[in-house]
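Here is how the chains run, residue by residue.
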Amino acid sequence: MNARIQEYIEHYIDLIDDNQFLELYTKINLLTEVGVLTATLMHCGIDILAHTEGVMPEGFLYNTLITKFEIPNEITNIERCAFARCQNLKEIILPKSLKYIGPRVFEGCINLQTIDWRAINLESCDRMTFNKCYSLSKIIFASTMGSWWALKDRCQLKFPSSVVPEIECTDGIINERI
């Protein structure tokens, strides 16, 4: 990232409110290499997720630096395409606090293998959320098989037809097409 932009962020970040922060983040992210701004902000001690209840739309879109990501427990929403096409993402941890997963959030994460699914009370999930996640092989679900099936029906979860992940629940393992 341009050193001038980093200097600007470090100097002015405490002087703006959350809405201005999100606007600044979006504008600068459009001008820089994808993922670099996020890494720079975190390096400066600025947690972009602390400024919102959710992961912003397209927040990490096309990021090739992320291999594992644990979404903080305070997050309740993951917005549209937030992690789409993160081709090196292999593992994601969904927090217990999560209530909503938007459209195509993980679409095209072709190397996503494992989901640590703690969000047992998820209220809504777009059926295209995991579209083109061809490597998905394991879901660790923090509740029972009955709760998994209820969640799957409630949220209309769909996975690519070629994918049959092992779903590890607290009372057993599910090994069938979901």
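One can find the structure itself at the top, above this paragraph.
What you are looking at is a predicted structure, and each value in this text was computed from that prediction instead of being measured.

J.: I'd like to hear about the environment of E107, residue by residue, with values.
T.: Structurally, E107 is set in the loop between β5 (100-101) and β6 (114-117). The exposure class assigned to E107 is buried, which follows from its relative accessible area of 5%. Those residues in contact with E107 that sit more than four places away from it in its chain are A84, R85, M128, T129 and N131. Of note is the side chain of E107, whose polar atom sits 2.7 Å from the side chain of N131.

J.: Explain the pairing of strand β8 (residues 138-141) residue by residue, including any values.
T.: Residues I139 and F141 of β8 are buried on one face, while the alternating residues K138 and I140, pointing to the opposite face, are not. Two strands pair when backbone bridges link them, and β6 and β8 are joined in this way by four bridges, in the parallel orientation. Bridge pairing links I115 to I139 in β8. Of the strand pairs in this sheet, β8 and strand β9 (residues 166-169) are connected by three bridges, and their pairing is parallel. Counted as the bridge partner of K138 is E166 from β9. Between β8 and its parallel partner β9, the chain crosses via helix α4 (residues 145-155), and the hand of that crossover is right-handed.

J.: Tell me what's going on with the packing of aromatic side chains, and back it up with residues and numbers.
T.: Tallied over the entire structure, the rule returns nine aromatic pairs. Ring centres of F106 and F130 lie 5.5 Å apart, and the angle between their planes is 10°; on these two criteria the pair is classed as stacked. With F106 in the loop between β5 and β6 and F130 in the loop between β7 (124-125) and β8, the pair connects residues that are 24 residues apart, well separated along the chain. The buried category is assigned to F106, whose relative accessible area is 0%. With a centroid separation of 5.6 Å and 90° between ring planes, the pair formed by W117 and W148 is classed as edge-to-face. Here W117, found in strand β6, pairs with W148, found in helix α4; they are 31 residues apart in sequence, far enough to count as distant. By the burial criterion, W117 is buried, and W148 matches it. One aromatic cluster is present, formed by F60, F69, F83, F106, W117, F130, F141, W148 and F159 through successive ring pairs.

J.: Any chance you could break down the side chain of S97 for me, citing the residues and the numbers?
T.: Tracing the backbone through its elements, the reader meets S97 in the loop between β4 (91-94) and β5. The class of S97 is buried, set by a relative accessible area of 18%. Polar side-chain contacts of S97 include one of 2.6 Å to the backbone oxygen of I75. Ignoring any residue separated from it by four or fewer positions in sequence, one finds S97 in contact with P72, N73, E74, I75 and T76.

J.: Break down the sheet that holds strand β10 (residues 172-174) for me, citing the residues and quoting the values.
T.: Pairing is mixed across the open sheet formed by six strands, whose spatial order is β2-β4-β6-β8-β9-β10. The strands lining the two open edges of the sheet, one partner per strand, are β2 (68-70) and β10. Across the sheet, the mean angle separating the axes of adjacent strands is 15° when strand polarity is ignored. Inspection of the sheet shows β4 paired to β6 by four bridges, in the parallel sense. Bridged to I92 within β6 is I115. Relative to the sheet, α4 contacts β6, β8, β9 and β10, its axis offset from that of β10 by approximately 35°.

About the thresholds
- Counting of residues starts from 1 at the beginning of each chain's written sequence and follows it residue by residue.
- Local features in this predicted model are restricted to residues whose pLDDT is 70 or higher, and side-chain atom pairs enter the listing and the counts only when it is 80 or higher, whereas totals over whole chains, interfaces and linings include all residues.
- Note that the side-chain values use all heavy atoms of the structure and ignore hydrogens as well as water.
- Secondary structure is summarised from DSSP: a helix means a run of H or I of at least four residues, a strand means a run of E of at least two, and numbering begins at the N terminus for each.
- When accessible area is computed with a 1.4 Å probe and restricted to protein chains, residues below 20% of their type maximum are described as buried, those above 50% as exposed, and intermediate ones as partly exposed.
- Here a residue-residue contact requires only that any non-hydrogen atoms of the pair lie within 4.5 Å.
- Here a polar contact is taken to be a pair of N or O atoms separated by no more than 3.5 Å, where protein atoms must pair a possible hydrogen donor with a possible acceptor and residues adjacent in sequence count only if both atoms sit in side chains.
- Think of it this way: DSSP has to see at least two bridges between two strands before they count as a pair.
- By convention a crossover is right-handed if, when the strands point away from the viewer, the path from the first strand over the helix to the second runs clockwise.
- A pair of aromatic rings is counted whenever rings of Phe, Tyr or Trp (Trp by its six-membered ring) have centres within 6.5 Å, and the orientation is called stacked for planes under 30 degrees apart, edge-to-face for over 60 and tilted otherwise.
- Inter-axis angles, ranging from 0 to 180 degrees, are taken between N-to-C directions of lines fitted to C-alpha atoms, where helices are fitted over the stretch in contact.

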